Amino acid sequence: MVKMNNDWDDLLKEEFSKDYFTLLQAFLKEEYETQTIYPPKEDVFNALAYTPYQNARVVILGQDPYHGKGQAHGLCFSVRKGITPPPSLKNIYKELQSDLNCTIPNHGELTKWAKQGVLMLNTVLSVREGKPNSHAKKGWETFTDQIICKMNEKKTPVVFLLWGRHALQKAELITNPLHLILTCAHPSPFSARNGFFGCQHFSKTNTFLTEHQLMPIDWQID
């Protein structure tokens, strides 16, 4: 049984009993037993475990986990300490420096954001080593769409950061006028110069939160 040990357990309990999720669990069991899969099983649901629904006020949406050894740990764009920050994350740090004058840290672990209420969600929560998108269309998208819909239902304002074409496709799920959707190019080296650099999403997020009497995010990674 999947357990986040917070309010997500109750919010998503119907999903856990649906046929698609049962099939997804069977697929994952086979994959973890026969292939090298990231993140480790115990980290798959970290985005939900670290950020309870009641605390979540920002959503950053990624695609699927990093597929290199030791990188993915269940939070989009984040890698454990000791792992070199991937290019997309380096570009996120550059934008943070430009936008909020944050210093660039020597590691890539973004757990601090998750614990402040930033839901760091990939639309697919697992991947085979060296094979991006290998777990796409196995059921994860149905599950994570439900998470986005639950966030859309919140009675308090939420900022959704949708970076790149894949994330932007999820904007149709966000219909509540309370919320703010910020969109731009993906931070990858292939597209960051097409609008990610200079987007100022971090300061815009904090301005919106402050205007709605919500705590801003301390984006500085120590």
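Quick notes on the rules
- Starting afresh in each chain, residues are numbered from 1 along the sequence in its written order.
- This being a predicted model, a pLDDT of at least 70 is required before a residue's local features are given, and a value of 80 or more before pairs of side-chain atoms are given or counted; all residues contribute to the totals for chains, interfaces and linings.
- By convention in this description, side-chain values take in all heavy atoms of the structure and omit both hydrogens and water.
- Under the scheme used here, helices are H or I runs from DSSP no shorter than 4 residues and strands are E runs no shorter than 2 residues, and both carry numbers assigned from the N terminus.
- The cut-offs for exposure are 20% and 50% of the maximum accessible area for each residue type, with area from a 1.4 Å probe on protein chains only; residues under the lower value are buried, those over the upper are exposed, and the others partly exposed.
- Contact criterion: two residues are considered in contact whenever any of their non-hydrogen atoms come within 4.5 Å of each other.
- The working definition used for a salt bridge is a side-chain nitrogen of Lys or Arg within 4 Å of a carboxyl oxygen of Asp or Glu.
- Each axis is a line fitted through C-alpha atoms, and for a helix only the stretch in contact is used; angles between axes span 0 to 180 degrees, taken between their N-to-C directions.
- Here roughly perpendicular refers to angles of 65 to 115 degrees, roughly parallel to angles under 35, roughly antiparallel to angles over 145, and oblique to all remaining angles.
- Three classes are used, and their members are as follows: Ala, Val, Leu, Ile, Met, Phe, Trp, Tyr, Cys and Pro are nonpolar, Asp, Glu, Lys and Arg are charged, and the others, Gly among them, are polar.
- The pocket and cavity definitions rest on a 1 Å grid over protein atoms only: a 1.4 Å probe that fits but cannot leave marks a cavity, an open set with protein on both sides within 12 Å along at least five of seven lines marks a pocket, and residues lining either have an atom within 4 Å of a point.
- Grid points are joined across faces, edges and corners, and a volume is the space filled by probe spheres set on the points.
- Here a helix's expected span is defined as the number of its residues, less one, multiplied by 1.5 Å.
- By definition, any crossing whose near helix is turned counterclockwise from its far helix by less than a right angle is left-handed, and any crossing with a clockwise turn is right-handed.
- The arc under discussion is defined with respect to the helix axis, by the directions toward the C-beta atoms.

Asker: Would you explain the overall build of the protein chain in this entry?
Answerer: Counting its secondary structure elements, the protein chain contains 9 helices and 6 strands. The dimensions of the protein chain, computed from C-alpha atoms along their principal axes, are 45 × 40 × 30 Å. In the protein chain, which comprises 222 residues, the share counted as buried stands at 55%. Pairs at least 24 apart in sequence give 67% of the contacts found in the protein chain among residues at least 6 apart.

Asker: Explanation requested: the pattern of salt bridges in the structure shown.
Answerer: Taken as a whole, this structure holds 8 salt bridges when the rule is applied. Here E33 makes a salt bridge to K29, at a shortest N to O gap of 2.9 Å. Remark: K29 and E33 occur in helix 3 (residues 19-34); sequence separation between them is 4 residues, near one turn of the helix. On the basis of relative accessibility, which here comes to 53%, the residue E33 falls in the exposed class.

Asker: Quick question: what am I supposed to make of the packing of helix 5 (residues 87-100) against helix 9 (residues 201-211) here?
Answerer: Two packed helices can be described by the angle between their axes and the distance between those axes. Axis separation between helix 5 and helix 9 bottoms out at 8 Å; the angle between their running directions is 60°. Classified by the angle between their axes, helix 5 and helix 9 sit oblique to one another. Judged by residue contacts, I92, E95, L96, D99 and L100 of helix 5 engage H201, F202 and S203 from helix 9. Residue classes in the contact of helix 5 with helix 9 are distributed as 4 nonpolar, 2 polar and 2 charged.

Asker: So what exactly am I meant to see when it comes to the layout of surface pockets here?
Answerer: It is a probe the size of a water molecule, rolled over the atoms, that shows where empty space is left. Reported here for the largest pocket is a volume of approximately 680 Å³. In terms of lining, the largest pocket is formed by 31 residues, of which the most central are Q63, F77, S88, H186 and S188. Looking at the lining of the largest pocket, the elements that each hand over two or more residues are strand 2 (58-62), helix 5 and helix 8 (165-168). The element best represented in the lining of the largest pocket is helix 8, accounting for 3 residues. Space inside the second largest pocket adds up to approximately 190 Å³. Forming the boundary of the second largest pocket are V2, Q25, L28, K29, Y32, E33, K41, V44, F45 and W140. Of the residues in the lining of the second largest pocket, the class split is 6 nonpolar, 1 polar and 3 charged.

Asker: What is the right way to look at helix 5 in this model?
Answerer: Because an α-helix completes one turn every 3.6 residues, residues spaced three or four positions apart along the sequence face the same direction. For helix 5, which comprises 14 residues, the first-to-last C-alpha distance of 20 Å matches the rise-based estimate of 20 Å (1.5 Å per residue) to within 8%. Considered for burial, the residues of helix 5 that qualify are S88, L89, N91, I92, Y93, E95, L96 and D99. Packing partners of the buried residues in helix 5 comprise helix 6 (111-115), strand 5 (159-163) and helix 9. One or two residues past the end of helix 5 sits N101, with phi positive at roughly 60°.

Asker: Would you mind showing me how to read the packing of helix 3 against helix 7 (residues 140-152) here?
Answerer: Orientation of helix 3 relative to helix 7, taken along the N-to-C sense of each, is 125°, at an axis distance of 9 Å. Considered as vectors, helix 3 and helix 7 are oriented oblique to each other. Both helix 3 and helix 7 take part in a crossing whose hand is left-handed. Contacts from Y20, F21, L24 and L28 in helix 3 reach W140, T142 and F143 in helix 7.

Asker: Please clarify how the environment of V124 should be interpreted in this entry.
Answerer: On the secondary structure map, V124 appears in the loop between strand 3 (118-122) and strand 4 (127-128). Judged by its relative accessible area of 3%, V124 falls in the buried class. Sequence separation of V124 and L24 is 100 residues, and the distance between their C-alpha atoms is 11 Å.

Asker: Mind showing me how you'd approach helix 3 here?
Answerer: Here helix 3 is 16 residues long and its end C-alpha atoms lie 23 Å apart, about the 22 Å a rise of 1.5 Å per residue gives. When helix 3 is considered as a whole, its buried residues turn out to be Y20, F21, L24, L28, E31 and Y32. Seen end-on, helix 3 carries its buried residues on one side only, within an arc spanning 95°. Exposed residues on helix 3 whose side chains face more than 90 degrees from its buried face are D19, L23, K29 and E33. Those residues of helix 3 that are buried lie in contact with helix 2 (13-16), strand 1 (37-38), strand 4 and helix 7.

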